Amino acid sequence: MSKQAKPVSGKPANPVRRLFMSGSLGAACAAGMVGAGLTSYSTQAQSAPADALRPPGALPEADFLSACVRCGLCVRDCPYDTLKLAPLGAGLGVGTPYFKARHIPCEMCSDMPCLQHCPTGALDPRLSDINQARMGLAVLLDQETCLNFLGLRCDVCYRVCPAIDEAITLEKQRNPRSDRHGMLLPTVHSAHCTGCGKCEHACVLEEAAIKVLPLSQAKGKLGAHYRLGWEQKAGNHGKSLLGEDMVELPVRGLETSAGSAWTPPPLDGEWKP
Amino acid sequence: MKRSFLLRERFLILRRVSQAAILLLFAFSGSLSGYLGGLWLLKGNLSASLVADTVPLNDPFVLAQSLAAGHLPELTAVIGAAIVIAFYLLAGGRSFCAWVCPVNAVTDSALWLRRRAGIKGGHAPAKSLRLWLLGSVLLFSAISGSLLWELVNPVSLLQRELIFGTGLSLVLVAAIFVYDLTIAQRGWCGHICPMGAAYGLLGKGALLRIRADKRDNCDDCMDCFKVCPEPQVLKPVLKGEGSSIIRSGACSNCGRCIDVCEQQVFRFGHRFEIRSQKP
């Protein structure tokens with residue numbers, strides 16, 4: 001190739017022709033294909049495993065994945081070694097922080113060191129109270145193995161809960177197996193559960209009966225058109241919204257001889273928990 | 001007479017020291033903090049970090065992906081990226097590639113082995129691929145709403161691997177080694193890596209540049225062409241009629257040409273025409 005072959009000055013060569021000759025067109029197509037391929041890969045990579053939880057203050061998953069730069073500052077700042085960075089192929093977005101409650105749960109530090117240095121706001125700095133964090137929601141998944149459901153007094157998940165008697169309560173129920181014993185059933189209340197995972201971590205079973213799941217998997221959503229009568233009533237000074245002049249319809253099929261409403265039959269004996 | 005070994009390899013040695021020191025600081029600042037009253041010298045990784053628990057640093061390319069994906073970052077990240085951009089505007093954009101990036105050591109080794117084993121040929125994609133990839137990655141980050149290149153970015157994967165010690169992503173880095181060794185000479189850093197391309201854009205206006213001020217001494221030994229990772233930037237300044245300053249963004253300021261040139265044609269200097277050196 002001689003030097004004279006190249007135009008040193010004057011008009012540049014036809015740009016379309018130059019695009020072809022330099023291989024730029026192929027490069028552009030390849031780059032587009034890589035981008036499209038990565039896009040479809042990214043949707044697969046977002047099928048997160050159910051036991052991987054995000055740190056406190058994490059934005060909703062889709063926003064989190066666009067915000068987190070995978071620097072690991074939260075991992076470094078966690079004093080309990082709870083947080084880890086997701087490895088390749090974990091389905092979490094490689095390099096993003098997560099924790100598994102069964103391994104090391106969140107200790108719910110009141111000063112939240114993990115989100116203090118987050119540079120992008122993937123961990124929302126507006127979260128000022130760790131009790132408002134919603135890392136997930138505890139769900140008593142397996143009632144067949146939970147010792148309390150079997151009638152024992154394990155209560156461990158209830159006792160380790162940082163929001164004891166709020167996030168987990170023990171609900172008293174009669175044990176139908178003996179008819180004379182009670183069962184105290186651990187019951188989670190989403191209004192208070194931060195998803196710290198202490199309960200799952202502490203569950204004495206070989207495989208935890210209570211597990212913390214990401215909110216998207218743990219929580220149902222009521223249609224917006226539902227009205228809860230008791231709440232409406234409370235907002236209406238205790239009065240029914242239907243008014244007083246409702247016609248009372250007879251209840252058919254449950255009448256007693258006296259014609260009054262049905263009442264449950266009395267218990268056989270005295271019932272003790 | 002040949003110059004001493006240290007003089008002939010000084011920038012290579014300095015670069016390896018720089019690359020290793022940064023990774024080691026990231027990895028062991030925690031252990032060191034015990035002796036420094038709890039102070040972390042360097043915390044985080046190359047994507048974002050905190051120097052001495054105060055100064056934020058953010059990789060501009062990674063942050064650009066996040067921006068494209070639709071997240072407006074906190075001020076900390078913006079300041080961090082501004083500091084990094086300002087630094088590389090002074091130090092030369094792709095100096096990141098030569099002085100910081102750990103993949104550089106991988107691809108340099110691949111090239112060394114390629115030469116040693118006498119592997120020739122193969123096929124390298126167009127030099128412009130990295131720029132197309134840069135654009136494509138940002139575009140598709142916007143479409144997918146995630147930091148697309150960070151799913152596979154071997155630079156991020158390798159440094160995170162070395163700093164945090166997790167997972168299997170070294171497979172990707174091994175793939176780059178094999179690709180550079182057998183298929184494309186300097187394939188990854190020279191043709192594909194969009195992160196390097198992003199830093200290359202910064203380099204177009206960077207202050208610290210390599211100058212061939214003494215190009216009249218050149219004896220056409222071709223040593224610099226053999227070692228230069230982007231040899232296309234050498235010809236115009238060495239043989240052309242125009243400027244003797246390498247202003248191309250592709251130059252990574254690795255200083256290898258300064259190392260190998262027995263005639264001492266090259267030196268580090270600023271990007272302006274005026275000669276700052278003594279006659």
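The structure presented is a predicted model; accordingly, all values stated were derived computationally and were not measured.

Draft legend 1. Broad picture of the UniProt feature "transmembrane region" (unreviewed entry) in chain B. Mapped onto this numbering, the UniProt entry gives "transmembrane region" (unreviewed entry) at residues 21–42, 62–90, 129–149 and 161–179 of chain B. Helix makes up 79% of residues 62–90 of chain B and strand makes up 0%, while its end C-alpha atoms are separated by 20 Å.

Draft legend 2. Structural view of the environment of A:Gly26. Residue and element names in this part refer to chain A. Along the chain, the position of Gly-26 falls in helix H2 (residues 24–44). Here Gly-26 falls in the partly exposed class, since its relative accessible area comes to 46%. Along the primary structure Gly-26 and Glu-244 are separated by 218 residues, whereas in three dimensions their C-alpha atoms are 78 Å apart.

Draft legend 3. How the structure looks around a nonpolar patch on the surface. Together, B:Leu25, B:Leu32, B:Tyr35, B:Leu36, B:Leu39 and B:Leu41 line one region of the surface with nonpolar side chains, adding up to about 530 Å² of accessible area. Tracing the backbone shows B:Leu36 in the loop between helix H2 (10–33) and strand S1 (42–45).

Draft legend 4. Structural context of the nonpolar core. Among the nonpolar cores identified, the biggest contains 117 residues, and A:Ile210, B:Phe96, B:Met195 and B:Phe266 are the most heavily contacted of them. Apart from residues lying up to four places away in sequence, A:Ile210 is in contact with A:Ala138, A:Val139, A:Leu140, A:Leu141, A:Cys157, A:Ile168, A:Val188, A:Cys199, A:Glu200 and A:Cys203.

Draft legend 5. Structural detail: the sheet that holds strand S2 (residues 48–51) of chain B. All names here are of chain B. Judged by pairing direction, the sheet is antiparallel, and its three strands sit side by side in the order S1-S2-S3 without closing on themselves. Lying at the two open borders of the sheet, with one neighbouring strand each, are S1 and strand S3 (55–58). Sheet twist, expressed as the mean angle between neighbouring strand axes with direction ignored, is 10 degrees. In terms of strand pairing, S2 meets S3 through four bridges, oriented antiparallel. Each bridged residue has a counterpart across the sheet, and for Leu-50 the counterpart in S3 is Pro-56.

Draft legend 6. Representation of the domain arrangement of chain B in the model. All names here are of chain B. Segmenting chain B into domains produces domain 1 (5–202) and domain 2 (210–270). Put simply, the middle of domain 1 and the middle of domain 2, counted by C-alpha atoms, are 24 Å apart. Each side of the interface is counted separately: domain 1 has 21 residues, and domain 2 has 19 residues. Taking both sides of the interface into account, the surface hidden between domain 1 and domain 2 amounts to around 1400 Å²; carbon and sulfur atoms contribute 42%. At the surface where domain 1 touches domain 2, the tally comes to four salt bridges. Ionic pairing is found between Glu-230 and Arg-130, a salt bridge with its closest N-O pair at 3.1 Å. On inspection of domain 1 and its partner domain 2, the count reaches 13 residue pairs in polar contact (both at pLDDT 80 or more). Going through the elements one at a time, helix H1 (5–8), H2, helix H5 (95–99) and helix H10 (187–192) are the ones with two or more residues in the side of domain 1 that touches domain 2. Residue classes in the side of domain 1 that touches domain 2 are distributed as eight nonpolar, four polar and nine charged.

Definitions and cut-offs
- Residues numbered from 1 in each chain as written.
- Chains lettered and ligands numbered in written order.
- Predicted model: local features only at pLDDT ≥ 70, side-chain atom pairs only at ≥ 80, totals over all residues.
- Heavy atoms only, no water.
- UniProt positions renumbered as here; feature names shortened; annotations may be inferred.
- Helix = DSSP H or I, 4+ residues; strand = E, 2+ residues; numbered from the N terminus.
- Buried < 20%, exposed > 50% of the residue type's maximum accessible area, 1.4 Å probe, protein only.
- Patch = residues over 30% accessible without salt bridge, like charges linked within 9 Å, V, L, I, M, F, W, Y side chains within 5 Å.
- Areas by Shrake-Rupley, 256 points an atom, 1.4 Å probe, with all protein chains shown as cover.
- Salt bridge = Lys/Arg side-chain N within 4 Å of Asp/Glu carboxyl O.
- Core = buried A, V, L, I, M, F, W, Y, C linked by side-chain atoms within 4.5 Å.
- Contact = heavy atoms within 4.5 Å.
- Pairing = 2+ DSSP bridges.
- Axes fitted to C-alpha atoms, helices over the stretch in contact; angles between N-to-C directions.
- Domains from an automatic or database assignment.
- Buried area = accessible area lost by both parts, 1.4 Å probe.
- Polar contact = N/O pair within 3.5 Å; in protein donor to acceptor, adjacent residues only side chain to side chain.
- Nonpolar A, V, L, I, M, F, W, Y, C, P; charged D, E, K, R; others polar.

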